Amino acid sequence: MITDILSECEKNEPPFHKTILSRYDQDIKDYFFSNDDTYIDSCSIDLSKVVGHSQGYGEMDWSHMLHNLKRIKKNLAELKSNPDYYLSEEHYGWSFIQVDDRFYISQGKHRTTIARYFLHFNPELFPDGPLIKGVGLTIKNVDHDLMSTVTRIRNLLLHPDFLHLGFHVLDDLRGTRRFSISNPYQNRSRWFFRADELEKLVGALNSSNSLRRFLGVGIQQYLRRYWWLGINHSDIYE
């Protein structure tokens, strides 16, 4: 069993040694999620799918974490004295966040770093692959349909007739995701949408020559006149 992973790295550098771990908050800035996360208090995580962290650090690679994290020397000493810890199936206070098939360290960056190398240098101890067992996992449920719709709207607004319009994502204090289109050339020309109204906006942008013409005058004026878009005007706020 190899427990002196620093020495082993000097002799045989792992292929992931210089792989960058990104920041969770940066990776998800363009994502939309459903309201409810899924939490699993004990599961197995494939460490080869860990791509980042959600802690107060910038981007850094595995090598930097192995050599520069505070208290990493203490954790490396504990590996030598108790390597069976990483073989156990109960790891309290160690957790990850999952977004699609990617994992981010939530708690336990020292242990994750050491486990990544320990599992790599001792594959015979982990016949099922680089899996650490008994850790917590928060699964962020990605709203791919909404992300696709927003992408379609942004692409449609690249049309020359719409380049003067702005599309905005808003965080409503009432807990409802809102969106808006604005026309900076018209006074108070701003219209707000719920997520379930965006498909109708896509349809209008795709099919209505009149919409292309009237948007230049002001989208609110046009949508009030052409109420067939089905917007619930009682939900409009400014």
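Residues numbered from 1 in each chain as written. Predicted model: local features only at pLDDT ≥ 70, side-chain atom pairs only at ≥ 80, totals over all residues. Heavy atoms only, no water.

Student: I tried to follow the overall build of the protein on my own but got confused; where do I start?
Tutor: Tallying secondary structure elements over the protein gives 9 helices and 10 strands in all. Buried residues in the protein amount to 45% of all 238 residues. The contacts in the protein between residues at least 6 apart in sequence include a share of 71% that link residues at least 24 apart. With an accessible surface of roughly 13,100 Å², the protein has 47% of that area assigned to carbon and sulfur atoms. (Helix = DSSP H or I, 4+ residues; strand = E, 2+ residues; numbered from the N terminus. Buried < 20%, exposed > 50% of the residue type's maximum accessible area, 1.4 Å probe, protein only. Contact = heavy atoms within 4.5 Å. Areas by Shrake-Rupley, 256 points an atom, 1.4 Å probe, with all protein chains shown as cover.)

Student: Quick question: what am I supposed to make of the packing of aromatic side chains here?
Tutor: In this description, a pair of aromatic rings is defined by centroid distance and the angle of the planes. For the coordinates displayed, the defined rule picks out 12 aromatic pairs. Measuring from ring centre to ring centre gives 5.8 Å for F32 and F179, while their planes differ by 70°; the resulting arrangement is edge-to-face. One end of the pair, F32, is in the loop between α2 (24-27) and β2 (38-46); the other, F179, is in strand β9 (residues 177-182), with 147 residues separating them in the sequence. Each member of the pair, F32 as well as F179, is classed as buried. Grouped by ring-pair contacts, the aromatic residues Y85, Y86, W94, F96, F118 and F126 constitute a single cluster. Across from the ring centre of F16, 3.9 Å away, lies the NZ or CZ of R116, which sits over that ring. K140 extends its terminal NZ or CZ atom over the ring of F33, reaching a point 5.1 Å from the ring centre. (Phe/Tyr/Trp six-rings, centres within 6.5 Å; stacked < 30°, edge-to-face > 60°. Lys NZ or Arg CZ within 6 Å of the ring centre and 35° of its normal.)

Student: Sorry, what's going on with unusual backbone geometry here?
Tutor: Across residues other than glycine, the phi torsion is negative in most instances, and most of the peptide bonds are trans. Positive phi, normally seen in glycine, also occurs at R71, with a value near 70°. When you line up the elements, R71 lands in the loop between α3 (62-68) and α4 (72-81). Residue classification places R71 among the exposed positions, given a relative accessible area of 55%. Non-glycine residue D100 carries a positive phi angle of around 55°.

Student: Help me out: how do you make sense of the nonpolar core in this one?
Tutor: One recurring pattern in soluble globular proteins is that nonpolar side chains are buried together. Judged by nonpolar contacts, the single largest core of 31 residues is most densely connected at I45, V50 and F96. Residue assignment for this core shows that the elements contributing at least two residues are α1 (5-11), β2, α3, α4, β6 (102-107), α5 (109-121) and β7 (131-140). Not counting the four nearest positions on each side in its chain, I45 is found in contact with V50, F96, F103, P130, L131, I132, V135 and L137. V99, L146, M147 and L198 belong to the second-largest nonpolar core, a separate cluster that totals 25 residues. (Core = buried A, V, L, I, M, F, W, Y, C linked by side-chain atoms within 4.5 Å.)

Student: Teacher, can you tell me more about the sheet that holds strand β5 (residues 95-99) here?
Tutor: What links the strands of a sheet is backbone hydrogen bonding, and the strands pair in either a parallel or an antiparallel sense. The mixed open sheet is built from 7 strands, whose spatial order is β2-β7-β5-β6-β3-β1-β4. Each edge of the open sheet is held by one strand with a lone partner, namely β2 and β4 (60-61). Two elements, β5 and β6, share 5 bridges in a ladder whose sense is antiparallel. Residue pairing for β6: S95 is matched across the bridge by Q107. (Pairing = 2+ DSSP bridges.)

Student: What am I meant to see in the packing of α4 against α5 here?
Tutor: When two helices pack together, you describe them by how their axes are tilted relative to each other and by the distance separating the axes. At a closest axis distance of 10 Å, the pairing of α4 and α5 adopts a crossing angle of 45°. One finds that α4 runs oblique with respect to α5. Handedness of the α4/α5 crossing: right-handed. Here α4 contributes I72, N75, L76 and L79 to the contact with α5, which in turn contributes H110, R111, I114 and F118. A class-by-class count of the residues in the contact of α4 with α5 yields 5 nonpolar, 2 polar and 1 charged. (Axes fitted to C-alpha atoms, helices over the stretch in contact; angles between N-to-C directions. Parallel < 35°, antiparallel > 145°, perpendicular 65-115°, else oblique. Left-handed = near helix turned anticlockwise from the far one by under 90°. Nonpolar A, V, L, I, M, F, W, Y, C, P; charged D, E, K, R; others polar.)

Student: I'm lost on α4 in this one. Help?
Tutor: One full turn of an α-helix is made of 3.6 residues, so residues set three or four places apart face in the same direction. Burial in α4 covers these residues: I72, N75, L76 and L79. Projection of α4 onto a plane perpendicular to its axis shows the buried side chains occupying an angular sector of 100°, all on one side. Every exposed residue of α4 that faces more than 90 degrees away from the buried side is listed here: K73, K74 and S81. (Arc of directions from axis to C-beta.)

Student: Can you help me understand α5 in this one?
Tutor: The end-to-end C-alpha distance of α5, which contains 13 residues, comes to 19 Å, matching closely the 18 Å that a straight helix rising 1.5 Å per residue would cover. Of all 13 residues in α5, 12 are buried; the element is thus mostly enclosed. Within the sequence span of α5, burial applies to K109, H110, R111, T112, T113, I114, A115, R116, Y117, F118, L119 and F121. On its buried face, α5 sits against α1, α3, α4, β5, β6 and β7. (Expected span 1.5 Å × (residues − 1).)

Student: Teacher, can you tell me more about the environment of V202 here?
Tutor: By the secondary structure assignment, V202 is in helix α7 (residues 198-207). For the pair V202 and R152, spaced 50 residues apart in the sequence, the C-alpha separation amounts to 7.2 Å.

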